[in-house]
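Coordinates in review
Residues per chain, in single letters:
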Amino acid sequence: MRKRLSRRHLLKISAALPFMSGLARGASAATQPQARVRLGDPEWPSEASWNQLDHDVGGRLIKVRSPLADCVGGSPDASCEQLFKELKNPYYLGDEVGLTQSLGWVGAWTSEPSVYAVAAKTTQDVVAAVNFARTNNLRLVVKGGGHSYQGTSNAADSLLIWTRHMNAITTHDAFVGAGCAASAQPQPAVSIEPGGIWGHAYNEVAVKAGRYVQGGGCLTVGVAGLVLGGGFGSWSKAYGLAGANLIEAEVVTADGEVRIANACSNPDLFWALKGGGGGFGVVTRVTLLTHALPEFLGGVFATIKASSDEAYRRLISKIMEFYAQALFNPHWGEQLGFAPDGVLSIFMVLQGLDQQQAEATWRPFFDWVSASGQDFSIVSAPRIISEPARRFWDPAALKTAPGLVISDDRPGAPADNIFWASNLGEAGRVWHAYQSAWLPQSLLAGDQRERLAEALFAAAKHRGVSLHFNKGLAGATADAIAAARDTAMNPAVADAFALAISGAGGPPAYPDVPGHEPDAAVAQSEAEAVGKSMDEIRKLLPRVGSYVWETDYFQPHWQEAFWGVNYDRLLAVKGKYDPDGLFFLHHGVGSEDWSADGFTRLN
Ligand SMILES: Cc1cc2nc3c(=O)[nH]c(=O)nc-3n(C[C@H](O)[C@H](O)[C@H](O)COP(=O)(O)OP(=O)(O)OC[C@H]3O[C@@H](n4cnc5c(N)ncnc54)[C@H](O)[C@@H]3O)c2cc1C
């Protein structure tokens with residue numbers, strides 16, 4: 001088991017690093033804050049202090065009230081029923097300062113509004129908020145797209161920096177990082193403010209400018225938030241991690257300084273931002289490489305049901321053989337899902353293949369299924385689509401395809417506010433469980449593949465499990481793999497052919513809202529099933545690595561699972577730029593020094 005890293009350990013690492021001297025401007029150990037101030041404490045800032053902050057941020061300080069507050073403890077009424085409908089709209093959730101995209105995780109966290117929020121418009125607003133939180137010793141949280149599964153963008157009794165309205169997107173033909181003119185060639189890039197969401201970024205970069213930027217699959221995830229965890233898109237095997245495409249960031253660190261982080265300035269901070277999971281400062285701009293847009297993007301979708309356990313085993317074995325032989329390359333990403341009832345869901349995407357090439361690739365597999373007679377039934381017939389890439393994220397084009405996207409239905413909502421119908425289930429979700437594990441590419445070879453197929457069969461008996469092939473970089477281009485190795489993510493990502501995920505959750509729910517309370521009994525039984533399912537997968541693995549942004553709230557040995565050998569280096573960067581733990585996050589770097597709620601120092 002990994003040794004617990006205490007503050008003493010951190011100081012020891014720090015002392016060994018020459019760059020620490022003079023840079024860590026936190027309080028000395030004797031004067032370090034031992035507990036953050038809560039609302040109601042005598043040290044809570046006065047009304048006059050809050051008014052001063054409001055003045056400093058141009059009137060953009062908000063006293064936060066959650067729309068759910070009116071429904072808590074009341075009797076069900078029409079306005080609460082309407083609210084619970086709106087909780088299925090990710091744009092509504094994103095625009096509400098007091099809400100988050102997930103409403104909680106049973107037994108782990110519940111979405112709680114901050115007391116105040118700075119609705120930042122400028123970097124100077126962020127500086128004022130950081131300085132205010134530090135000098136008043138407040139719990140500080142940062143929220144962009146609000147999609148954290150771990151609840152790390154909300155906290156009761158806190159001050160929130162809300163970046164939603166800092167969302168400008170600027171494309172560059174030839175970007176050179178500050179201070180890098182002598183060492184770097186100009187590169188095509190895009191600068192995005194931290195509240196930007198990926199759907200809007202794709203619209204600007206791909207649809208309007210005809211370039212490719214590596215972001216996430218879900219259109220409403222925040223740009224900065226995704227990058228900070230490393231970030232996978234559907235075609236990460238071709239274009240790499242979102243974090244590895246970062247060429248520069250502007251960051252407000254805990255001392256209130258505005259810093260540029262790139263390969264030439266603050267390179268240690270730059271590295272930590274690429275997959276370190278946040279907690280190093282507030283990112284106020286990211287600049288990401290753009291790539292030539294492939295000619296075609298598309299996907300292959302089908303659902304097949306096996307008629308017996310024996311047939312299901314053969315189906316799993318065949319699809320994994322087919323994956324290893326035909327799809328384990330930069331053209332293919334996304335998922336295969338294995339459900340308990342013998343159902344295989346194919347939800348794969350492609351890049352750089354035309355319609356004929358895509359059909360030819362899959363013909364042997366679908367011919368095999370057809371030839372197997374009674375063993376399999378087709379629940380949904382194969383759909384193979386390859387389209388000119390520029391149409392792929394075009395809201396106008398997407399809206400013409402039945403059932404593919406859903407529009408933000410609020411009156412006056414921008415026409416470009418769309419989201420994939422496949423993400424509807426995650427809007428307003430209350431999680432019961434979520435676990436993930438990277439699968440090394442050795443499992444695709446020889447008789448190891450049969451072990452893998454057997455483990456998938458056994459896992460699926462407990463609870464559905466999916467393989468997300470785009471969330472492991474084995475099989476990717478050499479450039480994508482090399483760039484991934486130069487990030488703070490667990491190096492296991494570079495050797496993994498997929499991330500296995502199993503999860504469970506319920507519809508929007510909130511404690512003490514009559515008729516809409518989370519279902520604790522269902523949550524417990526589903527959590528047990530997910531645990532058993534993933535145990536079957538983990539039996540295959542000598543070490544468990546897990547993706548920090550898509551993982552178990554209760555992940556054991558999380559330092560090693562998320563960051564592997566990179567953890568000590570991350571801890572040193574944390575000690576240098578945030579020595580007093582202002583940017584506390586659940587299972588964030590250095591969080592072992594704090595109580596679970598981030599209010600009380602333990603070491
Ligand atoms: C429906 C859904 C789909 C997803 N799809 C993908 C996917 O395809 N690929 C993938 O890799 N991940 C995916 N994720 C995971 C997602 O990348 C993370 O949840 C990510 O952290 C969300 O960023 P956000 O800004 O939306 O969330 P937030 O909750 O606002 O932020 C997440 C974390 O980042 C921190 N943070 C946000 N902005 C800043 C900033 N400017 N400066 C400093 N810290 C900041 C927050 O404090 C918080 O700890 C998905 C999540 C959901 C819910």
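The rules behind the values
Residues numbered from 1 in each chain as written. Predicted model: local features only at pLDDT ≥ 70, side-chain atom pairs only at ≥ 80, totals over all residues. Heavy atoms only, no water. Helix = DSSP H or I, 4+ residues; strand = E, 2+ residues; numbered from the N terminus. Rg over C-alpha atoms; globule rule 2.2 N^0.38 Å. Buried < 20%, exposed > 50% of the residue type's maximum accessible area, 1.4 Å probe, protein only. Contact = heavy atoms within 4.5 Å. Areas by Shrake-Rupley, 256 points an atom, 1.4 Å probe, with all protein chains shown as cover. Lys, Arg positive; Asp, Glu negative; His and termini not counted. Charge placed at Lys NZ, Arg CZ, Asp CG, Glu CD. pLDDT = per-residue confidence, 0-100. Polar contact = N/O pair within 3.5 Å; in protein donor to acceptor, adjacent residues only side chain to side chain. Pairing = 2+ DSSP bridges. Axes fitted to C-alpha atoms, helices over the stretch in contact; angles between N-to-C directions. Disulfide = S-S within 2.5 Å. Phe/Tyr/Trp six-rings, centres within 6.5 Å; stacked < 30°, edge-to-face > 60°. Lys NZ or Arg CZ within 6 Å of the ring centre and 35° of its normal. Salt bridge = Lys/Arg side-chain N within 4 Å of Asp/Glu carboxyl O.

Quick look at the overall build of the protein
Helix and strand content of the protein: 18 helices and 22 strands. Scaling as 2.2 N^0.38, a compact globule of 603 residues should have a C-alpha radius of gyration of about 25 Å, and the protein matches this with 24 Å. Seen along its three principal axes, the alpha-carbon backbone of the protein occupies a region of about 75 × 65 × 50 Å. Counting only residues that meet the buried cut, the protein has 58% of its 603 residues in that class. For the protein, long-range pairs separated by at least 24 residues make up 74% of all intrachain contacts whose partners lie at least 6 apart in sequence. Put simply, the protein shows about 23000 Å² of open surface, and 53% of that area lies on carbon and sulfur atoms. Taken together, the 50 basic and 60 acidic charged side chains of the protein have centroids lying 4 Å from each other.

Remarks on the confidence of the model for the protein
Overall, the predicted model of the protein reaches an average pLDDT of 94, with 95% of residues at or above 70. Segment residues 1–26: pLDDT under 50, and 48 contacts once partners within four positions in sequence are set aside and those in other chains are kept.

Describing the environment of Ser595
With respect to the secondary-structure elements, Ser595 resides in the segment after helix 18 (567–577). In contact with Ser595, other than residues within four places in its own chain, are Phe584, Thr600 and Leu602. A distance of 3.4 Å separates the side chain of Ser595 from the backbone nitrogen of Phe599, its partner in a polar contact.

A closer look at the side chain of Asn154
Inspection of the secondary structure assignment puts Asn154 in the loop between strand 5 (139–143) and strand 6 (158–162). Here Asn154 falls in the buried class, since its relative accessible area comes to 10%. A polar side-chain atom of Asn154 sits 2.9 Å from the main-chain amide nitrogen of Glu112. Separated by 3.3 Å, the side chain of Asn154 and the backbone oxygen of Gly151 make a polar contact. Residues in contact with Asn154, not counting those within four places in the same chain, are Thr100, Trp109, Thr110, Ser111, Glu112 and Val141.

Considerations on the sheet that holds strand 20 (residues 430–440)
Strands belonging to one sheet form pairs held by backbone hydrogen bonds; the direction of such a pair is parallel or antiparallel. Overall, mixed pairing links the 9 strands, which are arranged 3-2-20-22-21-15-16-14-17 in an open sheet. At either margin of the open sheet sits one strand with a lone partner, and together these are strand 3 (109–110) and strand 17 (376–388). Looking at chain direction, strand 2 (residues 104–105) and strand 20 are connected through 2 bridges and run parallel. Each bridged residue has a counterpart across the sheet, and for Gly104 the counterpart in strand 20 is Val430. Across the sheet, helix 10 (residues 309–327) touches strand 14 (296–306), strand 15 (332–338), strand 16 (343–351), strand 17, strand 21 (465–468) and strand 22 (496–506), and the angle it forms with strand 15 is around 175°. Contacting strand 14, strand 15, strand 16 and strand 17, helix 11 (residues 355–371) runs over the sheet at an angle of about 170° to strand 17.

Examining the state of the cysteines
On inspection of all chains with the given rule, the structure shows 2 disulfides. Each sulfur of the disulfide joining Cys71 and Cys80 lies 2.1 Å from the other. The S-S bond linking Cys71 to Cys80 shows a torsion near -110°; that makes this disulfide left-handed. Taking the relative accessible area as the measure of exposure, Cys71 reaches 4% and is therefore buried. Disulfide pairing is shown between Cys180 and Cys264; the S-S distance is 2.1 Å. For the disulfide bridge between Cys180 and Cys264, the dihedral angle about the S-S bond is near 125°, and by the sign convention the bridge is right-handed. Taken as a pair, Cys180 in the loop between strand 7 (169–175) and strand 8 (187–192) and Cys264 in the loop between strand 11 (258–262) and helix 9 (267–273) lie far apart in primary sequence, 84 residues in all. Regarding the disulfides, the protein carries the connectivity 1-2, 3-4 under sequence-order numbering of its bonded cysteines.

Some remarks on the packing of aromatic side chains
Applying the stated rule across the entire model yields 36 aromatic pairs. Between the aromatic rings of Phe232 and Tyr547, the centroid separation amounts to 4.7 Å while the plane-to-plane angle is 75°, which identifies the pairing as edge-to-face. Note that Phe232 is positioned in the loop between helix 7 (223–228) and helix 8 (236–239) and Tyr547 in the loop between helix 16 (520–538) and helix 17 (558–563), a separation of 315 residues in sequence. By relative accessible area, Phe232 is classed as buried at 4%. In this structure Tyr547 comes out as buried when scored by relative accessible area, which is 3%. Geometrically, the ring pair formed by Trp368 and Phe376 is tilted, given 5.4 Å between the ring centres and 40° between the ring planes. With respect to class, Trp368 is no different from Phe376; both count as buried. Of the aromatic side chains, those joined through ring pairs into one cluster are Trp198, Tyr202, Tyr212, Trp235, Tyr239, Phe392, Trp393 and Trp420. One residue, Lys63, lies across the ring of Tyr116, its end atom 4.9 Å from the ring centre. Above the face of the Trp431 ring, Arg429 is positioned so that its terminal group lies 5.2 Å from the ring centre.

A few points about the side chain of His468
Relative to the helices and strands, His468 is located in strand 21. If we skip the residues at most four places from it in the chain, His468 touches Glu334, Gln335, Ala498, Leu499 and Ile501.

What to know about the pattern of salt bridges
A side chain with one charge can pair with a side chain of the opposite charge if their charged atoms come near. Taken as a whole and assessed by the stated rule, the structure comprises 23 salt bridges. Close ionic contact of Arg65 with Asp70 constitutes a salt bridge, the shortest N to O distance being 2.3 Å. This pair shows no difference in class: Arg65 is exposed, exactly as Asp70 is. Arg543 is the partner of Glu560 in a salt bridge, and the nearest nitrogen-oxygen pair spans 2.7 Å. Of this pair, Glu560 sits in helix 17 while Arg543 sits in the loop between helix 16 and helix 17, placing them 17 residues apart in sequence. By relative accessible area, Glu560 is classed as partly exposed at 23%. Through salt bridges with shared partners, a single network forms among Asp95, Arg164, Asp408 and Arg410.

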